[in-house]
Amino acid sequence: MLVKIKRGWELPESAVTPQSVYLNRRRFLQGAGSVAAGAMVAGGLPARARAYAPEDDPTADLYPVDRNTRYTVERPLTSYEDAATYNNFYEFGSHKQIWRAAQDLPIRPWTVTFDGLVEEERTVDIDTLIRAMPLEERVYRLRCVEAWSMVIPWSGFPMAELVNYARPLGSARYIRMQTFGADEFPEAPGLRQFWYPWPYIEGLTIEEATNELAFMVTGLYGAPVPRQNGAPLRLHTPWKYGFKSVKSIVRFTFTEERPVSFWEEIQGSEYGFWANVNPEVPHPRWSQATERVIGTDERIPTQLYNGYAEFVAGLYEGMEGERLFM
Ligand code: MTE
């Protein structure tokens, strides 16, 4: 059950534009006349658009960013409320209501290290990195391996830009991504669950990382990304199960060898490296044919590559021997 505690800066439901008709800045400004003046906060966003965004985020002035309409989803957006209060983030606990515990995550200062097979290893401040990147908004589906889904407006930049920035050597074939761990934030309650192989690791091939869909997320619903959704920097690969979309990243390591990811190490027979969405390949313990749409009573058919086959199917040609869908 979702327990919703009203915070001081949240306005009553009736005073704000419903998140389900969330508008980007241009459309918002056009419709601003119909929004009650009391619903505004500094920066011109409807108050609820910032309800879960970190208050202390020094990049807040960058949002909202223009939407890239090349990526559209035919379904309604999930409410901001649901996207920000129904989460998987095991560093804060192995249940869905981790959002309150995640508020303790210190997101500044925050650095990101690029190492391994790169021209020059370096560690950069997150604000320098974000401000160097071309930010845009993309509406993408999110399909969790647990057979639920959401549709979310993510802000961020193409991962290909990050790869360029890192300047990998020609010998690099994979990127290993790492979430904060005991070195950065030992107080995270989930890290005490010593049977998990912390820190959380994920990996992509360079070809996947430079595919146009691979997206580095810095914002959500036109505001900085909430801590519970992976502030200050996370991945979203919409054609793969959600566990590939690693949150709160501190390190990108370029390697020749395929990294072993967190879930692969725990249970490789159930959670593999590729983890591409396929309704015809069941999880060993449940079907992947349909998905529960969060915030509704609906179950809808799941699509191959989560509906993104036209963008990514070519990545896997000739790889039929691999367990591409698990
Ligand atoms: N990243 C880290 N570091 N820790 C996690 O537990 N959970 C993954 C992924 N990234 C996870 C993570 C899973 S299983 C999913 S479905 C998505 O985050 C959920 O993202 P959301 O909470 O923004 O919906």
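Presented here is an overview of the structure given in this document. Keep in mind it's a predicted model, so treat the numbers as computed, not measured.

## Some thoughts on the layout of surface pockets
- Of the voids in this model, the largest pocket is the one considered here, and its volume is about 430 Å³.
- Forming the boundary of the largest pocket are 26 residues, of which Asn-88, Cys-144, Tyr-200, Gly-242 and Phe-243 lie nearest the centre.
- Tallying contributions element by element places strand β4 (residues 148-158) first for the lining of the largest pocket, with four residues.
- Its residues assigned to classes, the lining of the largest pocket shows 16 nonpolar, six polar and four charged.
- In this structure, the second largest pocket spans a volume of roughly 270 Å³.
- For the second largest pocket, the lining is made up of 17 residues, of which Phe-180, Gly-181, Asp-183, Glu-184 and Val-250 are closest to its centre.
- Counting only elements with at least two residues in the lining of the second largest pocket, the list comes to β1 (111-116) and β10 (249-255).
- Classifying every residue of the lining of the second largest pocket gives ten nonpolar, four polar and three charged.

## Details of the side chain of Lys-244
- Mapped onto the elements, Lys-244 comes out in the loop between β9 (234-236) and β10.
- In this structure Lys-244 touches Glu-202, Gly-203, Leu-204, Leu-235, Thr-237, Phe-273, Trp-274 and Ala-275, once residues within four positions along its chain are discounted.

## Structural notes on the pattern of salt bridges
- Following the criterion strictly, the structure yields 18 salt bridges and no others.
- A salt bridge links Asp-56 to Arg-227; the nearest nitrogen and oxygen atoms lie 3.2 Å apart. With Asp-56 in the loop between α1 (25-31) and α2 (80-85) and Arg-227 in the loop between β8 (223-224) and β9, this residue pair connects regions lying 171 residues apart in the sequence.
- For Asp-56, a relative accessible area of 48% corresponds to the partly exposed category.
- The exposure class assigned to Arg-227 is buried, which follows from its relative accessible area of 8%.
- The shortest N-O distance in the salt bridge between Arg-108 and Asp-57 comes to 3.4 Å. Pair noted here: Arg-108 is in the loop between α2 and β1 and Asp-57 is in the loop between α1 and α2, with a separation of 51 residues, a long-range link.
- Accessibility expressed as a relative area gives 8% for Asp-57, which makes it buried.
- One continuous salt-bridge network, built from bridges that share partners, spans Asp-57, Arg-108 and Asp-127.

## Quick word on the site of the ligand
- Lining the immediate surroundings of the ligand are 16 residues, of which Tyr-90, Glu-91, Arg-234, Ser-245 and Lys-247 lie closest.
- Here an oxygen atom of the ligand and a backbone polar atom of Asn-88 are 3.3 Å apart.
- Taking Asn-229, its side chain carries an N or O atom lying 3.1 Å from an oxygen atom of the ligand.
- Protein contact buries 99% of the 530 Å² of open area that the ligand shows by itself.
- In this structure the site holding the ligand corresponds to the largest pocket.
- When grouped by side-chain class, the residues that make up the shell around the ligand number seven nonpolar, six polar and three charged.

## Digging into the sheet that holds strand β5 (residues 174-179)
- The mixed open sheet is built from five strands, whose spatial order is β2-β1-β10-β5-β6. Only two strands of the sheet have a single partner each, and these edge strands are β2 (122-125) and β6 (201-205). Pairwise comparison of adjacent strand axes, ignoring direction, gives a mean angle of 20 degrees for this sheet.
- Here β1 pairs with β2 via four bridges, running antiparallel. Counted as the bridge partner of Phe-114 is Arg-122 from β2.
- Set on the sheet, helix α4 (residues 159-166) makes contact with β1, β2, β5, β6 and β10; between it and β10 the angle comes to about 70 degrees.

## Some words on the environment of Val-293
- Of note, Val-293 is situated in strand β11 (residues 290-293).
- Accessibility expressed as a relative area gives 9% for Val-293, which makes it buried.
- In this structure the C-alpha to C-alpha distance between Val-293 and Met-150, which are 143 residues apart in sequence, comes to 6.2 Å.

## A look at the nonpolar core
- Of all hydrophobic cores here, the largest spans 92 residues; its most connected members are Phe-114, Leu-129, Met-159, Phe-252 and Phe-254.
- Among the elements that line this core, the one with the most residues is β4, at six residues.
- Here Met-159 is in contact with Ile-175, Met-177, Leu-204, Ala-209, Ala-214, Phe-215, Met-216, Leu-235 and Phe-252, once residues within four sequence places are set aside.

Calculation criteria
- Residues numbered from 1 in each chain as written.
- Predicted model: local features only at pLDDT ≥ 70, side-chain atom pairs only at ≥ 80, totals over all residues.
- Heavy atoms only, no water.
- 1 Å grid on protein atoms, 1.4 Å probe; cavity = no way out; pocket = protein on both sides within 12 Å on 5 of 7 lines; lining within 4 Å.
- Points joined across faces, edges and corners; volume = space filled by probe spheres on them.
- Helix = DSSP H or I, 4+ residues; strand = E, 2+ residues; numbered from the N terminus.
- Nonpolar A, V, L, I, M, F, W, Y, C, P; charged D, E, K, R; others polar.
- Contact = heavy atoms within 4.5 Å.
- Salt bridge = Lys/Arg side-chain N within 4 Å of Asp/Glu carboxyl O.
- Buried < 20%, exposed > 50% of the residue type's maximum accessible area, 1.4 Å probe, protein only.
- Near = heavy atom within 4 Å.
- Polar contact = N/O pair within 3.5 Å; in protein donor to acceptor, adjacent residues only side chain to side chain.
- Areas by Shrake-Rupley, 256 points an atom, 1.4 Å probe, with all protein chains shown as cover.
- Sits in = over half its atoms within 2 Å of the grid points.
- Pairing = 2+ DSSP bridges.
- Axes fitted to C-alpha atoms, helices over the stretch in contact; angles between N-to-C directions.
- Core = buried A, V, L, I, M, F, W, Y, C linked by side-chain atoms within 4.5 Å.

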